[in-house]
Amino acid sequence: MRILRGALLLGGLALLACGLVGLLTDPYVTGPLGVLLWAAGLVALHDGLWLPLVCAPGAAATGRPVLRGWLVVAAAVGAVAVPAVLRAGDDHGNATLLPLPYLRNWLLFLAVSAAAAVLVAAVRRGVRRAGRARR
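## Remarks on the environment of G126
Mapping G126 onto the fold places it in helix 4 (residues 102–134). Residue class for G126 comes out partly exposed when judged on its relative accessible area of 37%. Between the alpha carbons of G126 and V80 there is a distance of 34 Å; along the sequence they are 46 residues apart.

Quick look at the structure:
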């Protein structure tokens, strides 16, 4: 297992180096220093803000696997949906670019998935209580 992890680490670092060299030598990138500063800011934002915001509720929900699972799903879908929600109405005269009501659909998904999580938690609680009553 240790050899596999080492091989995967080396492979990942090689891909990272290849992408970085490709980015910095791309003729369309006119300011590689600006790109590196942007990437450093992104890492700082991710590790300083996003990671604590995601980990804090997860740590608080350690004893509640259904809640923790729903939080992971909500964060993943939110990461994909937020850019579309923020661009709503920014179609530059082409109504087919962002044709759907993304905010409504995202909130609807969150509500339905939260209801499903509550239902799963209630069923699990009922199963546990029934198992205790049998004993």
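## Quick notes on the layout of surface pockets
Empty space within the largest pocket amounts to approximately 280 Å³. Taken together, G63, R64, P65, V66, L67, W70, A117, V118, A121, R124, R125 and R128 make up the lining of the largest pocket. Within the residue set of the lining of the largest pocket, elements represented by two or more residues are helix 3 (65–86) and helix 4. At 6 residues, helix 4 tops the list of elements feeding residues into the lining of the largest pocket. In this structure, the second largest pocket spans a volume of roughly 190 Å³.

## As for the environment of A61
Checked against the element boundaries, A61 lands in the loop between helix 2 (32–60) and helix 3. By relative accessible area, A61 is classed as buried at 1%. Sequence separation between A61 and L36 is 25 residues, and the spatial gap between their C-alpha atoms is 36 Å. Among all residues touching A61, those that are not within four sequence positions of it are L67, R68 and L71.

About the cut-offs
- Residues numbered from 1 in each chain as written.
- Predicted model: local features only at pLDDT ≥ 70, side-chain atom pairs only at ≥ 80, totals over all residues.
- Heavy atoms only, no water.
- Helix = DSSP H or I, 4+ residues; strand = E, 2+ residues; numbered from the N terminus.
- Buried < 20%, exposed > 50% of the residue type's maximum accessible area, 1.4 Å probe, protein only.
- 1 Å grid on protein atoms, 1.4 Å probe; cavity = no way out; pocket = protein on both sides within 12 Å on 5 of 7 lines; lining within 4 Å.
- Points joined across faces, edges and corners; volume = space filled by probe spheres on them.
- Contact = heavy atoms within 4.5 Å.

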